[in-house]
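# Observations on the three-dimensional arrangement
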Amino acid sequence: MTVHLHWFLPTGGDGRSLVDRHAFSGGALPRTPGGAIAGVRTPDLGYLIQIAKAAEHLGFEAVLTPTGTWCEDAWLTTVALAQHTQRLKFLVAFRPGVISPTLAAQMASTYQRLTQGRLLLNVVTGGDSAEQRRFGDHLDHDRRYARTDEFLSVVRGVWSGEPFDFAGEHYRIDGGFTALPPDPLPEIFFGGSSPAAGPVAARHTDVYLTWGEPPEQVKEKIDWIRSLAEREGRTVRFGIRLHTISRDSAREAWASADRLLDDLDADTVAAAQAALGRSESVGQQRMLALHGGRREGLEIAPNLWAGVGLVRGGAGTALVGSHAEVADRIEEYHALGVEHFVLSGYPHLEEAYWFGEGVIPELAARGLTAGADAGTGARGAAPLLVARGR
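A short tour of the structure in this document, coming up.

The rules behind these values
- Residues numbered from 1 in each chain as written.
- Predicted model: local features only at pLDDT ≥ 70, side-chain atom pairs only at ≥ 80, totals over all residues.
- Heavy atoms only, no water.
- Core = buried A, V, L, I, M, F, W, Y, C linked by side-chain atoms within 4.5 Å.
- Buried < 20%, exposed > 50% of the residue type's maximum accessible area, 1.4 Å probe, protein only.
- Helix = DSSP H or I, 4+ residues; strand = E, 2+ residues; numbered from the N terminus.
- Contact = heavy atoms within 4.5 Å.
- Salt bridge = Lys/Arg side-chain N within 4 Å of Asp/Glu carboxyl O.
- Phe/Tyr/Trp six-rings, centres within 6.5 Å; stacked < 30°, edge-to-face > 60°.
- Axes fitted to C-alpha atoms, helices over the stretch in contact; angles between N-to-C directions.
- Parallel < 35°, antiparallel > 145°, perpendicular 65-115°, else oblique.
- Left-handed = near helix turned anticlockwise from the far one by under 90°.
- Nonpolar A, V, L, I, M, F, W, Y, C, P; charged D, E, K, R; others polar.

### Quick notes on the nonpolar core
- L5, F90, I330, Y333, F341 and F355 are the most contacted members of the largest nonpolar core, which totals 74 residues.
- Here this core gets 8 residues from one element, more than from any other, and that element is helix α1 (residues 45-58).
- Look past the residues within four positions of L5 in its chain and what remains in contact with it is F60, E61, A62, F341, L343, F355, I360, L363 and T369.
- Core analysis: the second largest hydrophobic core is formed by 20 residues, A253, A257, V269 and L310 among them.

This is the structure we're talking about:
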């Protein structure tokens, strides 16, 4: 079992710090006299093309594109990027509560034909009621997961190519189908740490995603989902969502991690922690518990750093260390059963190269990657050059 490596598209903006950098923040961030947000790279098509091409060149299989108020739409953005790449897949995040399941099945089918089979789906049920209400969704946490259960039942039924009927609490579908089902069927990625989420993952998920918790906690999640899937007569694969700070030496890596915290004052961290603490997401609460809002003791397991989660929601941990050390940690998670690694770093263009030129060759040497297409210079291409100075 080899690892599948994926990168991230920062469609809410990018930059060199952890301070909230959303390009559509309505003036919440300081601006330069020229009008641009200081230190922010806006998520325009040109910049996202650079990241997508870098990811493809370096040997990443796919890129995750987020969903939410502060991001560009994932479907539209990635289908545009598909025109500028050849092999790269797109892990498109979307909320099932704000779209018809039959329409979602049709969109996925069209996407597969337009991109020649490069779509993966990341189903985001949503852990923030305020965010959900912005999109007209007023269900509570557990009912959202019950609706996701029905939603995915309809999607898979519609993909059969035959008229599909469904009657549930949230959806009634009469004769739903796609005239041309997607080929291949997109793999469905799904995450959720609550008791309401587990059975949905067991019944429908191809890949269950967890945020980057210490290995012993990840093992507990894997065992939990695996046992639920066995009761459903299914097999689920596993993935993990992490940031990375990989350098030629551990000293350089930890210095880079420290620099990410340089412009975070106590008030900024406290405000972020208060906002994140209101989330209904069990996974988010588990992320917050890893550091408790404190700057001390942020290395919560060997090479696993919780500093990102001081101000960022969702994935809040990073693998930090030399290329060999980061490869060690990936190998450790892989030994637990994790196949898919969805990675990111600040800024995303430069960190893609640090990981691609440093860690991927380490993984290849250990027999953990797919081989010819892994690493820089795949298929004999000349490696691209970027400045490594900070």
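### Thoughts on the environment of V63
- Residue placement: V63 occurs in strand β4 (residues 62-65).
- Judged by its relative accessible area of 0%, V63 is buried.
- Aside from chain neighbours lying at most four places away, what touches V63 is W7, F8, L9, A55, L88, K89, F90 and L91.

### Re the pattern of salt bridges
- A full pass over the atoms with the stated rule returns 21 salt bridges.
- One salt bridge connects E332 with R329, and the closest N-O pair in it is separated by 3.0 Å. A residue pair is termed a helical-turn pair when its members lie 3 or 4 positions apart in one helix, as E332 and R329 do in helix α11 (residues 323-336) at 3 residues.
- The class of E332 is partly exposed, set by a relative accessible area of 32%.
- Take R329: its relative accessible area is 17%, and that puts it in the buried class.
- Through salt bridges with shared partners, a single ionic network connects D328, E331, E362 and R366.

### Here's the deal with the packing of aromatic side chains
- Under the counting rule described, the total for this entry stands at 9 aromatic pairs.
- Considering the side-chain rings of W75 and F94, the 5.8 Å spacing of their centres and the 55 degrees angle between planes classify their relative orientation as tilted. With W75 in helix α2 (residues 74-81) and F94 in strand β5 (residues 89-94), this residue pair connects regions lying 19 residues apart in the sequence.
- For W75, a relative accessible area of 11% translates into the label buried.
- The exposure class assigned to F94 is buried, which follows from its relative accessible area of 6%.
- Relative to F166, the ring of F164 has its centre 6.4 Å away and its plane inclined at 20 degrees; by these criteria the two rings are stacked.
- Residue F164 is classed as partly exposed on the basis of its relative accessible area, which comes to 21%.

### Quick word on the packing of α2 against helix α3 (residues 101-115)
- The geometry of α2 relative to α3 is characterised by a closest axis approach of 11 Å and an angle of 15 degrees between their N-to-C directions. What the angle tells us is that α2 and α3 run roughly parallel. Relative to α3, the crossing made by α2 is left-handed. Contact residues: α2 offers W75, T78 and V79, while α3 offers M107, A108, Y111 and L114.
- A breakdown of the residues in the contact of α2 with α3 according to their chemical character gives 6 nonpolar, 1 polar and no charged.

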